[in-house]
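Observations on the model geometry
Here's the letter readout for the chains.
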Amino acid sequence: SRQTFRLLKWINVAALQMAPSQDRGPMLDILHSFSELCLFLWFFFDNLSWLAKVGLIPGKAMDYTRRGARFWMTHCILNTFCQLITLSQLRKRVAMIRNSKKYTAAVMSDMDGKSKGELMDLENQSVACLMDVFRSAPDILVSYNLSLMPQDQFSPALIGCTGVFTSAVGIVQNWPKKLILYK
């Protein structure tokens, strides 16, 4: 099952939080940290659910799953909010560069490499934020549905399509930008 592939993923989340990250402002840093804490707890409870299914720990697997799904939903909400704020900040920076005296269509070809590189970097970061929103926002529905199990669930077709969509976005996000097929 997919749950087996998520075993010990919480270790990756914890390791990423120990690495230094870009300062995005205190409020956004706090929201992002809380979002990552919720993701950590989702994977942790998901692992407990798996351990309960195979009989290694006492308890009902569904109880662990529902509890973990609430953390996943909170992560998805906070992550979507953080990415939208970041996207807004990036768009403002792009607009400032484009509205500056240095940036006009006529002088774009004369713009130094550093400015062009900065503009391209900001555009790439904006696309990455938008893709993360496309992945996190629909997962709110999937995680909410999982927290309701086994009663009061949404249509399985709706949840399945939403899951396929978010998985496809995740594949696009992780796909190598340039494939080297042979040398």
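Time to look at the side chain of H75. Topologically, H75 is positioned in helix α4 (residues 61-99). Excluding residues that lie within four positions of it along the chain, H75 makes contacts with S35, E36, C38 and L39.

Next up on the list: the state of the cysteines. Applying the stated criterion across every chain yields a total of zero disulfides. Between C76, a cysteine without a disulfide, and C38, which holds the nearest cysteine sulfur, the sulfur-to-sulfur distance is 9.9 Å. Free of any disulfide, C129 has its nearest cysteine sulfur in C82, 10.0 Å distant.

Moving on, we get to the packing of helix α3 (residues 26-53) against α4. Close contact between α3 and α4 brings their axes to 7 Å; oriented N to C, the two are set at 155°. Taken together, α3 and α4 sit at an angle that is classed as roughly antiparallel. As for how α3 packs across α4, the hand of that crossing is left-handed. Looking at side-chain class alone, the contact of α3 with α4 contains 19 nonpolar, 10 polar and three charged residues.

Here is what the cut-offs are and how they apply
Residues numbered from 1 in each chain as written. Predicted model: local features only at pLDDT ≥ 70, side-chain atom pairs only at ≥ 80, totals over all residues. Heavy atoms only, no water. Helix = DSSP H or I, 4+ residues; strand = E, 2+ residues; numbered from the N terminus. Contact = heavy atoms within 4.5 Å. Disulfide = S-S within 2.5 Å. Axes fitted to C-alpha atoms, helices over the stretch in contact; angles between N-to-C directions. Parallel < 35°, antiparallel > 145°, perpendicular 65-115°, else oblique. Left-handed = near helix turned anticlockwise from the far one by under 90°. Nonpolar A, V, L, I, M, F, W, Y, C, P; charged D, E, K, R; others polar.

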